Structure formats: structure tokens, C-alpha cells
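Structural description and commentary
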Amino acid sequence: LQGIFVLGLPYALLHSGYSGLLLIVLAAALCCYTGKILIACLYEENEDGQLIRVRDTYEDIANACCKQLCPSLGGIVVNVTQVVELIMTCILYLVVSGNLLSHSFPYVPVTEKTWCVIAFVTLLPCIFIRTLKIVSKLSQLCSLVHFVIIFIVITYCLTQMHQWSWAKFRLSLEFEDFLVSVGVIIFSYTSQIFLPTLEGNMKNPGEFRCMLNWTHFFACILKTTFALTAFLTWGEKTKEVITDNLPSFLETLVNLCLLTKALLSYPLPFFAATEIVYSCISKDNHSNYRSLLALTVRGLFLLSTLLMAMFTPHFALLMGLSGSVTGAAMTFLLPSLFHLKLKWKKLSFLEKCADTSVFILGFLCSLAGIVCSIKGLLEVFG
């Protein structure tokens, strides 16, 4: 999920300057923290003071927080938020795939929507994905392709080191451009939707916090290096997607790698979303994916992503609007709010202040993103 946003990090530095470097580090720390407190909400102490996993999903946490008001209200809100974010992500991968195919083969007389359908055909086997193991294998391949892309771009940038100049960094900032940079940087780290399932499937869940620390640390180092080298290479000429700055022969190669990454990335949000929907409409065991109902859910979901990718006007702006609401909610607002609700009596004063600060920051980021997205939509529609 992070690859699309990572390619926009150099462009984010163009509009945020030195503060962008600080934001990359700060976003890593904040997302790592909210991931930890979200998983902490899955556990409660027993009579012996031992932590026992009493909840399994984001939905269970939400229901526990809202049980006095309405036992199922929290779960409904979380599920709707998750499904909206996941389906928008799936649509984005289809849109990106069609765009990349169109740019990679400009001499083929095929429209971008037709390329989108061709990409969709390659994703049809997703209907038969029944376990997270298959998704994890595809995600491993996706990570490998991601590193190939980063390696190609950084290697090219290093060959242009003689052109680097720190004078390219901006000191003065425009507020709206800075907000765009904040959104790109923060949402390049988001993964909270998948963390409860990931932690529950680990052979040793006790290593989760350590795993989260190291993954965010290395992600921060990689993203800082990538964004910095790319921006120092192209400076004011840095484009929204950094691969557009590459020479034509490298751009085609990287675009094909990006296409592979987009197609390999699709199954993860697809599987997560269909599992949520299926569990909501069926009381059967979640492993019963061979049923006609499960196949129907996955088939309809797959088809809906294609239709929306092809016929939704100004999808990028709508993605920004929904992402500002769902992304900030799932990453900052809900984890901090749930942690305060479930662990209030056991939290120290500093922990309460930290959760409150994260909640306020998430609210401000969400509000700013909504304002910018609505403004963009109003400009488009005149």
C-alpha cells in the first residue's frame, strides 16, 4: 500500500523543504505508536496480572468501547470506514494500472479504460483467494518489486550526484502545498487496518512491538534516503510521481515494475475488505470460503472496483476526500480514542497526554485534508 505514496515523497519535499524531512521521521514515530496502542486494546489483564488476548479485530475493539451506548455501533462504524478505505485503495490500483499500461505502450491504439479492463482480467484469480498465506506470498513479491524500483531510482540519482545542491531546499512554505505534503508523508506509513490480523497470525505475537519498531525504523531510513536523493537530483523540476523524471528507457522499465507492484498489491486490501463484508453477512465460520456466498461477495466486490475505476469522474479528488476521513480516522483518531477509553485507569499522565495529542493532530490533519479536497472538487466542477 505504501509504494504509490513513496513515489510522491520527493514531490512532498519540494513543497515542504527541511520540514518535510522532519515530517518523515515524525510520521514514522506516530504511526508506530498508534499501531502499538491499537494492539494493546486487544488485550486485558486476568486475575494473575497476565495479558490475555480477548479481542481479535478492530471491530471487537470498537464494540468494546461502545457497549454501554450501543453494543454494535462501534463495530459498524469501523467496518464501514475500513471497507470504504480498502475499496478506494483497490480502485486506485486499477486506475494506476490502466494509466501505467497506457504510458508504457503509447503506440498501441487502446484507451486507458481498455487497459484498465485488461489489468482487471489478470486480477480475476483473486476470487479464489481463501487464506492470508496466499496474500502474504504475493505481498512478499510486491515488496521485492518495490525494492527494485527504489534501487533503480536511487542508483540513477547517485550517478547525478555532481548536480546536488542543498540550496534546492525551500525555506518559505505555502500552507496549502504544505498540507498536501503532510498527507502524502503521513499516509505513506498507514497500515493500522491490517495490524490486528497480522499480530494474530504471528508465530510469536510477543515480538510484535519489536517488529513494529524495526519496520518503521527501516521504512523511515529508506524513505528519507529515497526522497532526499531524488529531490537533490531534480530540485524544482521534481514531478508528482518521481518516475516521470527518469530518462525514457528507465521510465518504461520502472513503469512496468510499478504495474507489477500495483497488481500484486491489489489482493491484500481486496482480501481484507471481502473478509469484513463476508463476516458481517454470514454467521458461518470464516474459513468457509468455498461457499457460494463467499464467491458471490468476492465476485461482486471485484466487479464493483472495475466499474468505479472506469466510470467515477475525478477519482483522485474523491480518493483524497475519503482518505482524509477514513485514513486519519483509522490511523490516528480511533486508535488513540479507543486506547483512552479502554485503558484510562491504567494509563499514566504522560500516556494520556500522548493519546490526546495524537487525537488532536489526527483531527487537524483530517480537517485540513477535507477542506483541500472539497476546494479541489469545487474548482473542477466550476
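The chain goes by Vesicular inhibitory amino acid transporter in an unreviewed UniProt entry, where it is assigned to Sitta europaea. Under Sequence similarities (unreviewed entry), UniProt gives the following word-for-word description of the chain: "Belongs to the amino acid/polyamine transporter 2 family."

As for the environment of Thr 197
Position of Thr 197 among the secondary structure elements: in helix α9 (residues 195-200). For Thr 197, a relative accessible area of 34% corresponds to the partly exposed category. Measuring from C-alpha to C-alpha, the distance between Thr 197 and Asp 56 comes to 7.4 Å, with 141 residues separating the pair along the chain.

Concerning the packing of helix α11 (residues 248-265) against helix α12 (residues 267-281)
Axis separation between α11 and α12 bottoms out at 5 Å; the angle between their running directions is 15°. When the axes of α11 and α12 are compared, the pair comes out roughly parallel. Seen from α11, the contacting residues are Leu 263, Leu 264 and Ser 265; seen from α12, they are Pro 267, Leu 268 and Pro 269. Among the residues forming the contact of α11 with α12, the class breakdown is five nonpolar, one polar and no charged.

Some details on the nonpolar core
The biggest cluster of nonpolar side chains holds 102 residues, and the ones touching the most others in it are Leu 94, Tyr 189, Phe 226, Tyr 266 and Phe 338. A per-element tally of this core places helix α5 (residues 73-104) first, with 13 residues. Residues within four places of Phe 338 in sequence aside, it is in contact with Cys 41, Tyr 58, Ile 61, Ala 62, Cys 65 and Val 78.

Section: a nonpolar patch on the surface
On the surface, a nonpolar cluster with roughly 470 Å² of combined accessible area is contributed by Ile 360, Phe 363, Leu 364, Leu 367 and Val 371. Counting through the fold element by element, Ile 360 comes out in helix α15 (residues 349-380).

Re the packing of helix α7 (residues 132-159) against helix α10 (residues 208-234)
The N-to-C vectors of α7 and α10 enclose an angle of 40°; their axes lie 9 Å apart at closest approach. Judged by the inter-axis angle, α7 sits oblique to α10. Between α7 and α10 the crossing geometry is left-handed. Contacts from Phe 147, Ile 150, Val 153, Ile 154, Tyr 156 and Cys 157 of α7 reach α10 at Leu 222, Thr 225, Phe 226, Thr 229, Ala 230, Thr 233 and Trp 234. Here the contact of α7 with α10 is composed, by residue class, of 10 nonpolar, three polar and no charged.

A closer look at the pattern of salt bridges
Evaluation of the coordinates by the stated rule reveals five salt bridges. With a closest N to O distance of 3.8 Å, Glu 44 and Lys 343 form a salt bridge. Separated by 299 residues along the polypeptide, Glu 44 in strand β1 (residues 43-45) and Lys 343 in helix α14 (residues 315-343) bring together distant segments of the chain. With a relative accessible area of 10%, Lys 343 lands in the buried category. The partner of Arg 53 in a salt bridge is Glu 199, with the nearest N and O atoms 2.9 Å apart. Linking Arg 53 in strand β2 (residues 51-53) with Glu 199 in helix α9, this pair joins segments that are 146 residues apart in sequence.

What counts, and where the lines are drawn
- Residues numbered from 1 in each chain as written.
- Predicted model: local features only at pLDDT ≥ 70, side-chain atom pairs only at ≥ 80, totals over all residues.
- Heavy atoms only, no water.
- UniProt positions renumbered as here; feature names shortened; annotations may be inferred.
- Helix = DSSP H or I, 4+ residues; strand = E, 2+ residues; numbered from the N terminus.
- Buried < 20%, exposed > 50% of the residue type's maximum accessible area, 1.4 Å probe, protein only.
- Axes fitted to C-alpha atoms, helices over the stretch in contact; angles between N-to-C directions.
- Parallel < 35°, antiparallel > 145°, perpendicular 65-115°, else oblique.
- Contact = heavy atoms within 4.5 Å.
- Nonpolar A, V, L, I, M, F, W, Y, C, P; charged D, E, K, R; others polar.
- Core = buried A, V, L, I, M, F, W, Y, C linked by side-chain atoms within 4.5 Å.
- Patch = residues over 30% accessible without salt bridge, like charges linked within 9 Å, V, L, I, M, F, W, Y side chains within 5 Å.
- Areas by Shrake-Rupley, 256 points an atom, 1.4 Å probe, with all protein chains shown as cover.
- Salt bridge = Lys/Arg side-chain N within 4 Å of Asp/Glu carboxyl O.
- Left-handed = near helix turned anticlockwise from the far one by under 90°.

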